[in-house]
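# Descriptive structure summary
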Amino acid sequence: MEFADLTRQRIEKMEKLRSLGIDPYPPRSQRTHTAAQALALFTSKEEEPAQVTVGGRLVSVREMGRATFAHLADGTGRLQIYLRQDRLGPESYELFKGFDIGDFVEVKGTLFRTRTGEVTVLVESYRILAKSLHPLPEKWHGLTDVELRYRQRYLDLVTNEEVRRIFVVRSQVVTAMRRFLDARGFLEVETPVLQPIYGGAAARPFLTHHNTLDRDLYLRIATELYLKRLIVGGFEKVYEIGKDFRNEGIDTKHNPEFTMMESYEAYADYHQVMLMVEEMISSIAQEVLGSMKVKYASNEIDLTPPWRRVPMAQAIVEETGVDIARSTTLDSLRASIEEKGLAVAPKASWAKQVDELFSTCVQPRLVQPTFVMDHPVELSPLAKRKAENPGLAERFEPIIAGLELGNAFTELNDPLDQLERFRAQSQLRESGEEEAQPMDEDFVTALMVGMPPTGGLGIGIDRLVMLLTDQQSIREVILFPQLRAKD
């Protein structure tokens, strides 16, 4: 039967209910127990009969002449119901037989256990709560069309239990992260999403216009510069969990709208932030999953601290044989890459070529938790230089199973050095580098007021959830990912 015909049949059933004086969409429910509560109530009373009123989506029906078994599903689970013609009466029983899979139904009755051992509600009365006019996907296979799953996530959640589990885990991860940071004395704050100057990352922004102010504004690409202003203002530990927006490509690891946690701690450096990261992520895994060992893409990952710490130059030479400490010019670096027979896309500067070499040949091979430290300062315009090697920044990225989960620095607090780096970024912008950061004079002014030594951190919530739920696409952990327009 055609999909439109099924919908038409359901509309006719809805109209029949109305003709009988039954509202197919009543404004209130009289539910007294969820499915889980009803099951717990029956067990806690040593299986004594207990009357409940439960509601949920009708997900299965099995008719046996004058009796019907069915299941209702709510947000806590499934509960079997049992309807008998001799208890409900012929008319009421026949009316229920006209209900469809997907309808929301409320039943009142007494709990008992069937011969097969399943806790069930013996229905005394029922009523419809919401008529479903859209047929659900075939129940045994669920919704398998990937494109449709993302576009109509509500159908995906209705039919795929594993998808619901992923987003429950996501919520628990965010809650556990907040609990961890709150326990360490961090203050959760909120900073502007609409910003006159964007910054804090190398990315192209989304542009919008405010009519009343008659000015262009940007959706933030990071919360960093505003959070560091708060450190200047006297808050010593702050964090924010929120959306960032980057006008970039879409792939299995990138979505233009994503969730970040950024934290800043005064009187800390990147070594102390490393300690916090490995403790935070391992404790989140233990709290949410019950273990510090997780599986990702057929690999068993052990999140137990301490994690490996390796300078970027060392990681590159170990995996590729290319020594960036010796290949200090763009030409010599490219020659070394070619000599090793590595397929690495050419880049316009030495620092970007190093980054491309690392991303292509090293990062995918880092399976167990690793802090990759000491990046070229040209790639880190907001990070403090290493005193013993000013060409490198006190920066690290936590990488697990090839996923870059975040970024962290000992924050640059020298206002004159920061000013020069902004100027260098401005020159890159003038030469066509769209992702270079614009000058932010107010931020430089804030640093001139004085900012203590500070350790900063950004963790991508979406990628962390990918890791903890063994999902290889970021779209699987974002409820409503961005998609191309349909034809």
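Conventions adopted
- Residues numbered from 1 in each chain as written.
- Predicted model: local features only at pLDDT ≥ 70, side-chain atom pairs only at ≥ 80, totals over all residues.
- Heavy atoms only, no water.
- Helix = DSSP H or I, 4+ residues; strand = E, 2+ residues; numbered from the N terminus.
- Buried < 20%, exposed > 50% of the residue type's maximum accessible area, 1.4 Å probe, protein only.
- Contact = heavy atoms within 4.5 Å.
- Areas by Shrake-Rupley, 256 points an atom, 1.4 Å probe, with all protein chains shown as cover.
- Core = buried A, V, L, I, M, F, W, Y, C linked by side-chain atoms within 4.5 Å.
- Pairing = 2+ DSSP bridges.
- Salt bridge = Lys/Arg side-chain N within 4 Å of Asp/Glu carboxyl O.
- Phe/Tyr/Trp six-rings, centres within 6.5 Å; stacked < 30°, edge-to-face > 60°.
- Expected span 1.5 Å × (residues − 1).
- Polar contact = N/O pair within 3.5 Å; in protein donor to acceptor, adjacent residues only side chain to side chain.
- Axes fitted to C-alpha atoms, helices over the stretch in contact; angles between N-to-C directions.
- Parallel < 35°, antiparallel > 145°, perpendicular 65-115°, else oblique.
- Left-handed = near helix turned anticlockwise from the far one by under 90°.
- Nonpolar A, V, L, I, M, F, W, Y, C, P; charged D, E, K, R; others polar.

This next bit is on the overall build of the protein. When helices and strands are tallied, the protein shows 15 helices and 20 strands. Based on the C-alpha atoms only, the size of the protein along its principal axes is roughly 85 × 50 × 50 Å. The buried share among the 487 residues of the protein stands at 48%. In the protein, 63% of the contacts between residues at least 6 apart in sequence involve partners at least 24 apart. Approximately 24100 Å² of the protein is accessible, and the part contributed by carbon and sulfur atoms is 50%.

So, about the nonpolar core. In terms of nonpolar packing, the biggest core is built from 46 residues, with M177, L181, M261, M280, L303, F396 and L457 touching the most fellow members. Elements supplying a minimum of two residues to this core: α7 (161–183), β10 (237–245), α9 (270–289), β12 (293–296), β15 (370–376), β17 (389–400), β20 (454–460) and α15 (461–469). No other element matches the 10 residues that α9 contributes to this core. What L181 contacts, discounting residues up to four positions off in sequence, is F186, Y239, M261, M276 and M280.

Our focus in this paragraph is the sheet that holds strand β9 (residues 215–219). The sheet built from three strands is open, its strands ordered β7-β9-β8 with antiparallel pairing. Every interior strand has two partners, whereas the edge strands, β7 (194–195) and β8 (206–210), have only one.

Before going further, it helps to examine the pattern of salt bridges. Once the charged atoms of two side chains with opposite charge are near each other, the side chains can pair. Within the structure shown, the criterion is met by 36 salt bridges. Residue K131 is joined to D100 by a salt bridge in which the shortest nitrogen-to-oxygen separation is 2.6 Å. With K131 in the loop between β5 (119–130) and α5 (146–151) and D100 in the loop between α4 (90–96) and β4 (104–113), this pair connects stretches of sequence that are 31 residues apart. Note on accessibility: K131 and D100 belong to one class, buried.

Here we take up the packing of aromatic side chains. This structure, assessed with the given rule, holds nine aromatic pairs. Taking the centre distance of 5.2 Å and the plane angle of 50° together, the rings of F96 and F99 count as tilted. For the residue pair F96 and F99, the accessibility class agrees, reading buried in each case. Each ring, one from Y198 and one from Y218, has its centre 4.9 Å from the other, and the planes form 65°; the classification is edge-to-face.

Attention shifts here to the environment of E433. Tracing the sequence through the fold places E433 in the loop between α13 (415–430) and α14 (441–449). Owing to a relative accessible area of 25%, E433 belongs among the partly exposed residues under this scheme. For the pair E433 and A202, spaced 231 residues apart in the sequence, the C-alpha separation amounts to 9.8 Å. In contact with E433, not counting residues within four places along its chain, are K352 and L428.

In this section: the pairing of strand β2 (residues 67–74). Buried residues dominate β2, accounting for seven of its eight residues. Where strand β1 (residues 51–64) meets β2, seven bridges bridge the pair, whose relative direction is antiparallel. Looking at β2, one finds that L58 is bridged to L72. Between β2 and strand β3 (residues 77–84), which follow one another and run antiparallel, lie two residues.

On to α13, then. Here α13 contains 16 residues, and its C-alpha end-to-end distance of 22 Å stays within 8% of the 22 Å for a straight helix at 1.5 Å per residue. Here the buried face of α13 lies against β16 (385–386) and α14. With a side-chain oxygen lying 3.0 Å from the backbone nitrogen of L416, the N-terminal cap of α13 falls on D414. Taken from the residues just after α13, G432 is the one with a positive phi, measuring 105°.

Before going further, it helps to spend a moment on the packing of α7 against α15. Running from N to C, α7 and α15 cross one another at 120°; their axes reach a closest spacing of 10 Å. Regarding the angle of α7 to α15, the classification is oblique. For the pair α7 and α15, the sense of crossing is right-handed. Where α7 approaches α15, its residues R165, I166, V169, R170, V173, V174 and M177 are matched on the opposing element by I461, D462, L464, V465, L468 and T469. Considering only residue class, the contact of α7 with α15 consists of nine nonpolar, one polar and three charged.

Before going further, it helps to spend a moment on the pairing of β17. The pairing of β15 with β17 spans six bridges and is antiparallel. Directly across from V372, in β17, lies its bridge partner E397. In this sheet, β17 lies alongside β16 in antiparallel orientation, the contact comprising two bridges. Bridge assignment links K386 to a residue of β17, and that residue is N389. Remark: two residues form the turn of the hairpin made by β16 and β17, two consecutive strands paired antiparallel. Alignment of β17 against strand β18 (residues 403–404), held across two bridges, turns out to be antiparallel. The residue of β18 that forms the bridge with I400 is L403. The hairpin formed by β17 and β18 contains two residues between the paired strands, and A401 there has a positive phi angle of roughly 55°.

Below, the discussion takes up the side chain of K131. Accessibility expressed as a relative area gives 6% for K131, which makes it buried. Side-chain polar atoms of K131 contact the side chain of D103, separated by 2.9 Å. Contact partners of K131, with chain neighbours within four places excluded, come to R10, K13, M14, P24, Y25, G98, F99, D100 and D103.

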